[in-house]
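Residues per chain are reported as follows:
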Amino acid sequence: MRRFSSSIVASGRIASSSALVRTAVLGQGRLAATYATKKRNAETELHSYFEKEVELLDQDEEAKTQDQELQKRLDDWAKRFHFNVNMGATEIVATKKDAALNADVTVKIDPNIEEADNYGDEEDAEDEEGEEGEDAEEAEKAEGEEGDEGDEEEEEPEADGFGSVHFTVEVKKPEQTMLLYGVVSESAVTVTEVALQAADGTEKSAYDAQRLDDEGQEKFRLYLSSLGVNDSFVPAAYAAAHLHDEHAYHKWVKDVMAFTKQ
């Protein structure tokens with residue numbers, strides 16, 4: 001039996017171990033390179049998508065025309081009531097000085113359009129439910145008669161597309177400030193809460209304006225109307241919200257495209 005010296009055996013083991021290490025290192029290197037390529041490809045594809053989106057936005061003449069019409073609505077309202085409008089990062093802000101009230105007036109419009117809510121009188125809603133209950137039997141009879149005549153497809157009413165836009169009106173006088181919180185829903189302006197602040201910004205008092213009687217709510221609506229937050233404010237508020245959303249989306253798309261550029 002052939003025997004090898006311990007030094008030869010040891011050197012063989014070392015050589016074998018070194019080869020395994022080199023193989024493992026090479027394997028890890030190839031794996032890392034593969035992952036790096038996948039990451040670069042993923043970012044390239046993302047960049048390509050947003051690059052095309054920017055081109056589509058730049059070429060969308062119909063959207064540009066719509067934005068111009070919305071901008072005109074907002075500008076007409078601002079010009080009529082002497083507001084300076086600024087598209088902020090999180091809200092639309094309109095400001096003016098009111099000499100008659102010796103106050104600075106600021107209107108802040110929340111750009112997030114929410115699904116329409118019912119801000120009407122609860123009693124009206126209850127009356128409607130009562131009427132629906134009384135007419136239930138007649139409705140069932142009518143359905144039976146229609147069934148005898150034959151099944152006909154009924155056209156569903158088109159959605160009006162309105163949601164609700166929240167706003168805040170700040171009337172700042174030298175000694176104190178009144179904050180009127182409200183919502184624009186379809187063609188109505190509703191005051192939801194009124195708060196008073198001291199000159200240093202601390203809250204003095206606040207109350208749910210919807211708990212007032214009809215006369216009290218109407219007085220606040222007239223007060224807002226005198227400041228320019230009236231029927232003409234409704235289309236302006238929707239226009240401002242839509243424009244803010246469009247501007248925010250365009251900026252975001254371009255920022256993502258720039259970030260993924262290699």
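In the block above lies the structure referred to throughout.
Our subject in this report is the structure included herewith. Residue numbering note: each chain is counted from 1, following its sequence as written. Restriction of local features to residues with pLDDT of at least 70 applies here, the model being predicted, together with a cutoff of 80 or more for giving and counting side-chain atom pairs; totals for whole chains, interfaces and linings are based on all residues. Processing note: side-chain calculations cover all non-hydrogen atoms of the structure and skip hydrogens and water entirely.

### Focus: the nonpolar core
Nine residue types can take part in a nonpolar core, namely buried Ala, Val, Leu, Ile, Met, Phe, Trp, Tyr and Cys, and a core is a set of them joined through side-chain atoms within 4.5 Å. For each residue, the accessible area found with a 1.4 Å probe, counting protein chains only, is set against the maximum for its type, and the residue is called buried under 20%, exposed over 50%, and partly exposed in between. In terms of nonpolar packing, the biggest core is built from 34 residues, with W77, V169, V184 and F233 touching the most fellow members. Of all elements in the fold, only α2 (61-80), β2 (92-98), β3 (103-109), β5 (163-172), β6 (176-185), β7 (188-198), α5 (214-227) and α6 (233-259) reach the threshold of two or more residues within this core. Numbering goes from the N terminus for both helices and strands, where a helix is a DSSP run of H or I of at least four residues and a strand is a run of E of at least two. In terms of residue count, the dominant contributor to this core is α6 (9 residues). If near-sequence neighbours (up to four positions away) are discounted, F233 is found in contact with W77, V107, I109, F167, V184 and G228. Contacts are assigned to residue pairs that have any heavy atoms within 4.5 Å of one another.

### As for the pairing of β5
In terms of burial, β5 is largely enclosed, as 7 of its 10 residues are buried. With 6 bridges connecting them, β3 and β5 associate as antiparallel partners. Along β5, the bridge assignment pairs D104 with K172. Of the pairings in the sheet, the one linking strand β4 (residues 114-115) to β5 comprises 2 bridges and is antiparallel in character. Looking at β5, one finds that E115 is bridged to G163. Between any two strands, pairing holds if DSSP finds at least two bridges. Judged from the 9 bridges that link them, β5 and β6 form a sheet pairing that is antiparallel. Each bridged residue has a counterpart across the sheet, and for V165 the counterpart in β6 is V184. Between β5 and β6, which pair antiparallel one after the other, the connecting turn spans 3 residues.

### So, the environment of T168
Its location among the elements puts T168 in strand β5. What makes T168 buried here is its relative accessible area of 18%. Put simply, T168 and K108 are 60 residues apart on the chain and 5.1 Å apart in space, counted from C-alpha to C-alpha. When sequence neighbours within four positions are dropped, the list of residues in contact with T168 reads T106, V107, K108, L179, L180 and Y181.

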